[in-house]
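# A look at the structure
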There are 2 protein chains.
Amino acid sequence: MSGVDEVARPEGGSMQELLRVAPGSGVVDLTAVDPRSTPGLPAAAGGGQRRRKWARRQVELLGAGLGRQQEMLYASAKQAAGPQAPTSTPSQAGVDLAGERPRRVLLVLQSIDCGGKDGTIKRVAGAMNPRRLHICSFGPPTEEELRHDFLWRIRRALPPPGYVGIFNRSHYEDVLIARVESLVDETTWRSRYDVINAFERDLADNSITLVKVMLHISYVEQGERLMERLNDPTKYWKYSPSDLDSRARWDDYQAAYAEALRRCDTDAAPWFVVPADRKWYRDWAVAHLLRETFDAFDLGYPAADFDVERERERLRA
Amino acid sequence: MSGVDEVARPEGGSMQELLRVAPGSGVVDLTAVDPRSTPGLPAAAGGGQRRRKWARRQVELLGAGLGRQQEMLYASAKQAAGPQAPTSTPSQAGVDLAGERPRRVLLVLQSIDCGGKDGTIKRVAGAMNPRRLHICSFGPPTEEELRHDFLWRIRRALPPPGYVGIFNRSHYEDVLIARVESLVDETTWRSRYDVINAFERDLADNSITLVKVMLHISYVEQGERLMERLNDPTKYWKYSPSDLDSRARWDDYQAAYAEALRRCDTDAAPWFVVPADRKWYRDWAVAHLLRETFDAFDLGYPAADFDVERERERLRA
């Protein structure tokens, strides 16, 4: 059993194994995933209310560890870039994919309304180093965005080298809401799965590791969270009457998600389904998915590209 | 004396009053500001090592409060925007200043090397909600940026409505390093103070509140922090031999800072000098400057723009 200030490993496999959506089976059945389940949660977490507190503390510890990995990621990118260190200004955001590039990580968060995307960012990203994060939220496309192909705004939002990107919604909206609400005709959205797979393959080939997460909540839980927003005046702003129209199309959205997961779960860019009725489990699971991604990089700090002893002499002088 | 879980107010005035650089006097003497001093620190902080712990805890509490204010700021912006809620994608970042706009806040951090910009962002922004932050770091301008006027990349990096922007370095580099290292001729940099003042006046007129902070460290402290980087292999990546060339021009940089502070300290966009040899004080002071900025807005949550009771009925149905 791990101490209170150590990161405990998931039980039964890595979170990437436990949460990967039916790899290779060609079938995705979301009804088979219980939104209240807690895959990988170790016995050390305890039971009842204790689990929540344990998981919150674990997320803080995981965040601190991720902060160190973020720094190594950035340090490598900086060294590779030379005097023109990577920055995060919009005029330099990830349009250029050419050449040998240091690694980037991109967490893609998708869910239906009330699924907890904002909360996940607040808790998980909030425990990391904000300086090296590149968070982008995608709303309904603007007129300018609509004049371009659906990936145009996505390409412009990719994290710069050395940064961790987080997408709050993404290009998947273009096969989800676009499909369910018939914003485009069927031929158009049907063609997008292959376009997305080619795009993500290209990102992976250019050192951008995607971590695609669907936060999976139940119909009952969504109802409760919507009612919470209607019962608390500090939450009215989160509510829109159109949320209930979307809720009325629950089955259509679940079907659209299942197809997106099935068609776009690739080895280059796998999909993970995180049971998300329990917020503390959700945050813990996402933090581990990120951690396992970073661990696979086996990062370290770059060696000095100057003569350390000589610089010490210069400084003392 | 305040409890351990309450935010304590600064003593002797607001931090904006205590740290404003010689308002109206027309003289800025940086040597008169002791980088180890702690203006506004209340007696409740205690002495010795206790102060550091106290200040760190206060920054966490201030951050949680700022998180709530960030949410109100965003909620107002969202309500004002209607269905096209403000997002943070680069293709929508703050280029459009026209019309009635909800408030934005922009923290501008400047300092010489090792002044603590990164650390401040990690601690202060790290205690806020990362979802509503828009952090941009400015390095040496790229070729594309150099083809435009010096404010081009700055305009593109302004926070979207409802967001809090943080600039790690800024347009002030164009009257600091550009001046000291003679990257442009004197006529060019001399003309920029007025251009900056007009630009910042325009931002203020368009609801962007600037909080301009110079982190002020001593020559001795800079030497110690540089040596730390040379003595710790996990910090080599932060070091560049050119740091010592800049250090050799310490007086030139101090003079350039003093002139920038004197020429560009306006009521529309005041400059604050934060003594920054003590990291815990630095973070505490910056958090309070942000807090006072938000408090002046007197924010609240927007009223519902729908019939709450009717929506509750619909949800129950």
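Rules of the game
Residues numbered from 1 in each chain as written. Chains lettered and ligands numbered in written order. Predicted model: local features only at pLDDT ≥ 70, side-chain atom pairs only at ≥ 80, totals over all residues. Heavy atoms only, no water. Buried < 20%, exposed > 50% of the residue type's maximum accessible area, 1.4 Å probe, protein only. Helix = DSSP H or I, 4+ residues; strand = E, 2+ residues; numbered from the N terminus. Pairing = 2+ DSSP bridges. Contact = heavy atoms within 4.5 Å. Buried area = accessible area lost by both parts, 1.4 Å probe. Salt bridge = Lys/Arg side-chain N within 4 Å of Asp/Glu carboxyl O. Polar contact = N/O pair within 3.5 Å; in protein donor to acceptor, adjacent residues only side chain to side chain. Nonpolar A, V, L, I, M, F, W, Y, C, P; charged D, E, K, R; others polar. Least-squares fit on C-alpha atoms with pLDDT ≥ 70 in both. Phe/Tyr/Trp six-rings, centres within 6.5 Å; stacked < 30°, edge-to-face > 60°. Expected span 1.5 Å × (residues − 1). Axes fitted to C-alpha atoms, helices over the stretch in contact; angles between N-to-C directions. pLDDT = per-residue confidence, 0-100. Parallel < 35°, antiparallel > 145°, perpendicular 65-115°, else oblique. Left-handed = near helix turned anticlockwise from the far one by under 90°.

Along any regular strand the residues' side chains alternate between the sheet's two faces. Residues and elements named next belong to chain A. Across the seven residues of strand β1 (residues 104–110), seven count as buried, placing the element largely inside the fold. Alternating residues of β1 divide into R104, L106, V108 and Q110 and V105, L107 and L109, and every residue in both groups is buried. The pairing of β1 with strand β4 (residues 208–216) spans seven bridges and is classified as parallel. By the bridge assignment for β4, Q110 is matched with M214. Two elements, β1 and strand β3 (residues 164–168), share five bridges in a ladder whose sense is parallel. Bridging across to β3, V105 finds its partner in V164.

Taken together, the contact pairs 63 residues of chain A with 64 residues of chain B. Regarding the contact of chain A and chain B, the summed buried area is about 5500 Å², with carbon and sulfur atoms giving 61% of it. A salt bridge links D245 of chain A to R314 of chain B, with the nearest nitrogen and oxygen atoms 2.8 Å apart. There are 18 residue pairs in polar contact (both at pLDDT 80 or more) connecting chain A and chain B. Counting residues per element, the ones that place at least two in the side of chain A that touches chain B are α2 (49–81), α3 (117–124), β2 (133–137), α4 (143–146), α5 (152–155), α8 (219–231), α9 (242–248) and α12 (308–316) of chain A. A total of six residues in the side of chain A that touches chain B trace back to one element, the largest contributor, which is α12 of chain A. Of the residues contributing to the side of chain A that touches chain B, the split by class is 30 nonpolar, 16 polar and 17 charged.

Time to look at the pattern of salt bridges. In the structure shown here, the tally under the stated rule is 62 salt bridges over all chains. Its salt-bridge partner being K235 of chain B, residue E228 of chain B comes within 3.2 Å of it at the nearest N-O pair. Its relative accessible area of 38% is what places E228 of chain B among the partly exposed residues. Overall, K235 of chain B belongs to the partly exposed group, its relative accessible area being 23%. A salt bridge links D295 of chain B to R291 of chain B; its shortest N-O distance comes to 3.3 Å. In this pair, D295 of chain B and R291 of chain B both sit in helix α11 (residues 279–297), four residues apart, roughly one turn of the helix. On the basis of relative accessible area, D295 of chain B is assigned to the partly exposed category, the value being 35%. The exposure class assigned to R291 of chain B is buried, which follows from its relative accessible area of 19%. Ionic contacts of the salt-bridge type, sharing partners, join the residues R179, E186, R190, D194, E259, R262 and R263 of chain A into one network.

Attention now moves to the relation of the copies chain A and chain B. After a rotation of 180° and a shift along the axis of 0.0 Å, chain A superposes on chain B with an RMSD of 0.0 Å. Taken together, these values place the two copies in the relation of a two-fold axis. A high fraction, 100%, of the interface residues of chain A reappear at the interface in chain B, so the copies pair face to face through one surface.

With that out of the way, let us pick up unusual backbone geometry. The backbone phi angle of S207 of chain A is positive, close to 70°, even though this residue is not glycine. Within the secondary structure, S207 of chain A sits in the loop between α7 (186–205) and β4. Backbone geometry at S182 of chain B places phi at a positive 50°, although glycine is not the residue there.

All names here are of chain B. All told, the structure shown has 22 aromatic pairs over all chains when counted by the stated rule. Note on Y172 and W271: the rings are 4.8 Å apart at their centroids and 65° apart in plane angle, and the pair reads as edge-to-face. Placement of the pair is Y172 in the loop between β3 (164–168) and α6 (177–180) and W271 in strand β5 (residues 271–275), with a sequence separation of 99 residues. For the pair shown, Y172 and W271 are each scored as buried.

End to end, α2 of chain A covers 48 Å across 33 residues, agreeing with the expected 48 Å (1.5 Å per residue, within 8%). Of the residues flanking the end of α2 of chain A, it is G82 of chain A, one or two places downstream, whose phi is positive at about 75°.

In any sheet, the strands associate via hydrogen bonds between backbone groups, in a parallel or an antiparallel arrangement. All names here are of chain A. Judged by pairing direction, the sheet is parallel, and its five strands sit side by side in the order β2-β3-β1-β4-β5 without closing on themselves. The sheet is open, and its two edges are formed by β2 and β5 (271–275), each paired on a single side. Strand-to-strand twist of the sheet, defined as the mean angle between neighbouring strand axes without regard to direction, takes the value 20°. As judged from the five bridges shared by β2 and β3, these two strands associate in the parallel manner. When the bridges of β3 are listed, L133 appears paired with V164.

Further remarks concern the side chain of S137 of chain A. Here S137 of chain A shows up in strand β2. Polar side-chain contacts of S137 of chain A include one of 2.9 Å to the side chain of R131 of chain B.

A word on the sheet that holds strand β4 (residues 208–216) of chain B. Residue and element names in this part refer to chain B. Read across the sheet, five strands follow the order β2-β3-β1-β4-β5 without closing on themselves; strand pairing throughout is parallel. The open sheet has two edge strands with one neighbour each: β2 (133–137) and β5. With strand direction ignored, the average angle separating the axes of adjacent strands in the sheet is 20°.

Moving on: the confidence of the model for chain A. All names here are of chain A. The predicted model of chain A has a mean per-residue pLDDT of 92, with 91% of residues at 70 or higher. Below a pLDDT of 50 lies the segment residues 94–100, which in the model reaches twelve contacts outside its immediate sequence neighbourhood of four places, other chains included. What the predictor reports for the complex is a pTM of 0.92 with an ipTM of 0.89.

Right, let's get into the side chain of H288 of chain B. Residue and element names in this part refer to chain B. Along the chain, H288 turns up in helix α11. Of the residues examined, H288 reaches a relative accessible area of 1% and is grouped as buried. One polar contact links the side chain of H288 to the main-chain carbonyl oxygen of A8, over a distance of 3.5 Å. Those residues in contact with H288 that lie beyond four places of it in its chain are V7, A8, P10, M15 and L62.

A separate point is the environment of R9 of chain A. When you line up the elements, R9 of chain A lands in the segment before α1 (15–19). On a C-alpha basis, the gap between R9 of chain A and E71 of chain A in space is 22 Å, while along the polypeptide they are 62 residues apart.

Next up on the list: the packing of helix α3 (residues 117–124) of chain B against α11 of chain B. Helix-helix packing: each pair is described by the crossing angle between the helix axes and the interaxial distance. Residues and elements named next belong to chain B. Axis separation between α3 and α11 bottoms out at 10 Å; the angle between their running directions is 60°. With respect to their mutual orientation, α3 and α11 come out oblique. Viewed along their axes, α3 and α11 form a crossing whose handedness is right-handed. Taken together, the residues of α11 that come into contact with α3 (itself represented by G119, T120, R123 and V124) are R282, D283, V286, A287 and L290. Tallied by class, the residues present in the contact of α3 with α11 amount to four nonpolar, two polar and three charged.

So, on to helix α10 (residues 250–264) of chain A. Here α10 of chain A spans 21 Å end to end across 15 residues, near enough to the 21 Å set by a 1.5 Å rise per residue. Within α10 of chain A, burial applies to W250, Y253, Q254, A256, Y257, A258, E259, A260, L261 and C264 of chain A.

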